[in-house]
Amino acid sequence: MPRITIYHNPQCGTSRNTLAMIRNSGAEPEVIEYLKTPPDRATLLALIAATGQPVINAVRTKEALFTELHLGAPGVTDAQLIDAMLAHPVLINRPIVVTPLGTRLCRPSEQVLDILPAPQKGAFTKEDGEVVIDAKGRRA
């Protein structure tokens, strides 16, 4: 079975839904609760680079700390954003999933479906009741 890693926050519904979809494909991922075990600088930089997205996309801009630290101010650099995420892991956007098919910030959680090596094994409904996968394992 291919290795899958999820940088997970169990308090986040999107993260829980993403983890459940990974498991619905028959995989049991390595789960890294990044608030308990934050990535080091090299890992965080590699994860962000692998997503192909700008650094700001990896930051939880709706987190109160983002505003308190003035991280949205003009002139804030990527290096400053990285430093803030390392100092305050709550600022790391989640979940980030790594599979042999790619690395993705899975917001919305359905983004994980594009990088899972195996198809969904059955129906999947998000915690909020939204049907994502039908009974035949197809996207709804």
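Residues numbered from 1 in each chain as written. Predicted model: local features only at pLDDT ≥ 70, side-chain atom pairs only at ≥ 80, totals over all residues. Heavy atoms only, no water.

### Observations concerning the nonpolar core
Turning to step 1, where the next piece is worked out: With 20 residues, the main nonpolar core has Ile48, Met85 and Leu91 as its most contacted residues.
Turning to step 2, where the next piece is worked out: Among the elements that make up this core, the one with the highest residue count is helix α4 (residues 78-87) (four residues).
Turning to step 3, where the next piece is worked out: If near-sequence neighbours (up to four positions away) are discounted, Ile48 is found in contact with Gln53, Val55, Ala58, Ile82 and Met85.
Turning to step 4, where the next piece is worked out: Core analysis: the second largest hydrophobic core is formed by 15 residues, Ile4, Ile22, Leu113 and Ile115 among them. (Core = buried A, V, L, I, M, F, W, Y, C linked by side-chain atoms within 4.5 Å. Buried < 20%, exposed > 50% of the residue type's maximum accessible area, 1.4 Å probe, protein only. Helix = DSSP H or I, 4+ residues; strand = E, 2+ residues; numbered from the N terminus. Contact = heavy atoms within 4.5 Å.)

### Notes on α4
Every α-helical turn comprises 3.6 residues, leaving residues that sit three or four positions apart pointing alike.
Turning to step 1, where the next piece is worked out: All of the buried residues in α4 are Leu81, Ile82, Ala84 and Met85. Angular distribution of buried residues about the axis of α4 spans 160 degrees; they occupy a single face of the element.
Turning to step 2, where the next piece is worked out: On the buried face of α4, the contacting elements are α2 (41-51) and α3 (64-68). (Arc of directions from axis to C-beta.)

### Some points on empty space enclosed by the protein
Turning to step 1, where the next piece is worked out: One pass over the full model with this rule turns up three cavities of 30 Å³ or more.
Turning to step 2, where the next piece is worked out: Space inside the largest cavity adds up to approximately 50 Å³.
Turning to step 3, where the next piece is worked out: Lining the largest cavity are Ile48, Thr51, Gln53, Pro54, Asn57, Ala58, Ile96 and Leu105.
Turning to step 4, where the next piece is worked out: Counted by class, the lining of the largest cavity contains five nonpolar, three polar and no charged residues. (1 Å grid on protein atoms, 1.4 Å probe; cavity = no way out; pocket = protein on both sides within 12 Å on 5 of 7 lines; lining within 4 Å. Points joined across faces, edges and corners; volume = space filled by probe spheres on them. Nonpolar A, V, L, I, M, F, W, Y, C, P; charged D, E, K, R; others polar.)

### Let's talk about the pattern of salt bridges
Turning to step 1, where the next piece is worked out: Taken as a whole, this structure holds 11 salt bridges when the rule is applied.
Turning to step 2, where the next piece is worked out: Among the salt bridges present, the one from Arg23 reaches Glu28, with a minimum N-O distance of 2.9 Å.
Turning to step 3, where the next piece is worked out: A residue is classified by how much of its surface remains accessible, and Arg23, at 40% relative accessible area, is partly exposed.
Turning to step 4, where the next piece is worked out: Linking Lys126 and Glu130 is a salt bridge whose minimum nitrogen-to-oxygen distance equals 3.5 Å. (Salt bridge = Lys/Arg side-chain N within 4 Å of Asp/Glu carboxyl O.)

### What about the side chain of Asn24?
Turning to step 1, where the next piece is worked out: For Asn24, the location among the structural elements is in helix α1 (residues 13-24).
Turning to step 2, where the next piece is worked out: Only 2.7 Å separates the side chain of Asn24 from the side chain of Gln120, close enough to count as a polar contact.
Turning to step 3, where the next piece is worked out: Non-local contacts of Asn24, meaning those with residues more than four positions away in its chain, are made with Pro119, Gln120, Lys121, Gly122, Ala123 and Phe124. (Polar contact = N/O pair within 3.5 Å; in protein donor to acceptor, adjacent residues only side chain to side chain.)

### Details of the environment of Thr77
Turning to step 1, where the next piece is worked out: You can see Thr77 is positioned in the loop between α3 and α4.
Turning to step 2, where the next piece is worked out: Taking C-alpha positions, Thr77 is 33 Å from Arg3, a pair spaced 74 residues apart along the chain.

### Observations concerning α1
Turning to step 1, where the next piece is worked out: Here α1 spans 16 Å end to end across 12 residues, near enough to the 16 Å set by a 1.5 Å rise per residue.
Turning to step 2, where the next piece is worked out: When we look at burial in α1, the residues that qualify are Ser15, Asn17, Thr18, Leu19, Met21, Ile22 and Asn24.
Turning to step 3, where the next piece is worked out: Against β1 (5-8), β2 (30-33), β3 (96-99), β5 (124-125) and β6 (131-133) lie the buried residues of α1. (Expected span 1.5 Å × (residues − 1).)

### Describing the pairing of strand β4 (residues 102-105)
Turning to step 1, where the next piece is worked out: The alternating pattern of β4 places Thr103 and Leu105 on a buried face, while none of Gly102 and Arg104, on the opposite face, is buried.
Turning to step 2, where the next piece is worked out: For β3 and β4, the ladder comprises four bridges, and the chain directions are antiparallel. Counterpart to Thr99 in the pairing with β4 is Gly102.
Turning to step 3, where the next piece is worked out: Adjacent in sequence and paired antiparallel, β3 and β4 are bridged by two residues. (Pairing = 2+ DSSP bridges.)

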